[in-house]
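Tertiary structure, described
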Amino acid sequence: DVSKGEGRTVLFVSHNMGVIRDLVDRVVWIDKGRIVEDGASGNIVSQYLRAGLRSDFAVVELFDHPNRLKGMKKIIKRIGLKTIDGVFKKDFSQSDEIILEIEYGSDINLAGAGFILKTDDGIRVGGYNTYMASNPPHSIPNSGRICFALPGKQLTPQNYLITVSVGSHQGTLEDKIENCLSFTMHPSDIYKTGYLLTKEDGVASLFVKTEIL
């Protein structure tokens, strides 16, 4: 049981950014035995998650990306974010539909691909993949493009990070690149009442049937 304010020092080692941000005040970021940064947890977590990002790009080349997990094959070539009209961009309104395009190529048989969405302070929002989209047996072409369409109204206004992956089986990853693309969601009147959501409303926009008796 780890908690703050007990008058003792606890060394906590983890890759779970959400837990780190919530439990500790000071973070030391170590890479290959070298201290990269040392400071307040919120600041260091944000820097760690954004390491390797090109924040000005809506399309990112991934073949030699530094955030590829160790031991992964270089299968995913690039990813991009675009509108339903095919315009690549990084700033969206909640009234938009966001298209995530993954381009890949491999000489091995692949079963599926997917993505994970986090806020830029490390909170996991959720994820989706082709295994969820169809019944088994699962298979995708050895090379090509996969597009996921995400309604912007599901997300509250803030900055988000995307992790992408492909696998040869539902439980076997062949390639995964973490936090390789970011985008910003801006508010719009998704409830048609004039109420605009902010980051303080959480990570998901809820649509609830309401009855006042």
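In what follows, the structure referred to is the one given above.
The text that follows walks through the structure, step by step, so that each part is easy to find.

Here is what the cut-offs are and how they apply
- Residues numbered from 1 in each chain as written.
- Predicted model: local features only at pLDDT ≥ 70, side-chain atom pairs only at ≥ 80, totals over all residues.
- Heavy atoms only, no water.
- Helix = DSSP H or I, 4+ residues; strand = E, 2+ residues; numbered from the N terminus.
- Pairing = 2+ DSSP bridges.
- Axes fitted to C-alpha atoms, helices over the stretch in contact; angles between N-to-C directions.
- Buried < 20%, exposed > 50% of the residue type's maximum accessible area, 1.4 Å probe, protein only.
- Phe/Tyr/Trp six-rings, centres within 6.5 Å; stacked < 30°, edge-to-face > 60°.
- Core = buried A, V, L, I, M, F, W, Y, C linked by side-chain atoms within 4.5 Å.
- Contact = heavy atoms within 4.5 Å.

Structural notes on unusual backbone geometry
Cis geometry marks the peptide bond from Pro-136 to Pro-137, where omega comes out at 5 degrees. Here Pro-137 lies in the loop between helix H3 (130-133) and strand E9 (143-151). The backbone of Lys-192 shows a phi angle near 60 degrees, a positive value even though the residue is not glycine. Looking at where Lys-192 falls in the secondary structure, it is placed in the segment after strand E11 (172-186).

Observations regarding the sheet that holds strand E6 (residues 97-105)
On the basis of which strands lie adjacent, the open sheet formed by four strands has the order E3-E4-E6-E9 and antiparallel pairing. The strands lining the two open edges of the sheet, one partner per strand, are strand E3 (59-61) and E9. Each adjacent strand pair in this sheet contributes to an overall mean axis angle of 15 degrees, direction not counted. Relative to E6, strand E4 (residues 76-82) runs antiparallel, the two being bridged by six bridges. For Ile-76, the partnering residue across the bridge sits in E6 and is Tyr-104.

Looking at the sheet that holds strand E5 (residues 91-93)
Reading across the sheet, the five strands line up as E5-E11-E10-E7-E8 and stay open at both edges, with mixed pairing between neighbours. Edge positions in the open sheet fall to E5 and strand E8 (124-129), since each of these has one partner strand only. Adjacent strand axes in the sheet meet at a mean angle of 30 degrees, parallel and antiparallel pairs treated alike. Pairing analysis gives nine bridges linking strand E10 (residues 159-169) to E11, with the strands arranged antiparallel. Each residue of the ladder has a partner; that of Tyr-160, found in E11, is Phe-183.

Digging into the environment of Ser-182
Its location among the elements puts Ser-182 in strand E11. What makes Ser-182 buried here is its relative accessible area of 5%. Sequence separation between Ser-182 and Thr-119 is 63 residues; the distance between their C-alpha atoms is 9.2 Å.

Re the packing of aromatic side chains
Considering all chains together, one arrives at five aromatic pairs under this definition. Centre to centre, the rings of Tyr-128 and Phe-148 are 6.2 Å apart; their planes meet at 80 degrees, and the pair counts as edge-to-face. With Tyr-128 in strand E8 and Phe-148 in strand E9, the pair connects residues that are 20 residues apart, well separated along the chain. What links up through ring pairs into an aromatic cluster is the set Phe-92, Tyr-160 and Phe-183.

Some points on the pairing of E10
Within E10, eight of the 11 residues are buried, which leaves the element mostly enclosed by the surrounding structure. Here eight bridges tie strand E7 (residues 112-119) to E10, and the two strands are oriented antiparallel to one another. Paired with Gly-112 across the bridge in E10 is Gly-167. In textbook terms, the turn of a hairpin is the stretch between consecutive antiparallel strands, and for E10 and E11 this stretch comprises two residues.

Some remarks on the nonpolar core
Within the largest apolar cluster, 29 residues are counted, with the highest numbers of intra-cluster contacts made by Ile-79, Leu-100, Ile-162, Val-164 and Phe-183. Going through the elements one at a time, E4, E6, E7, E9, E10 and E11 are the ones with two or more residues in this core. Counting residues per element, this core draws most heavily on E11, at five residues. With residues near it in sequence (within four places) discarded, Ile-79 still touches Ala-58, Val-59, Val-60, Leu-62, Leu-100, Glu-101, Ile-102, Val-164, Cys-180 and Leu-181.

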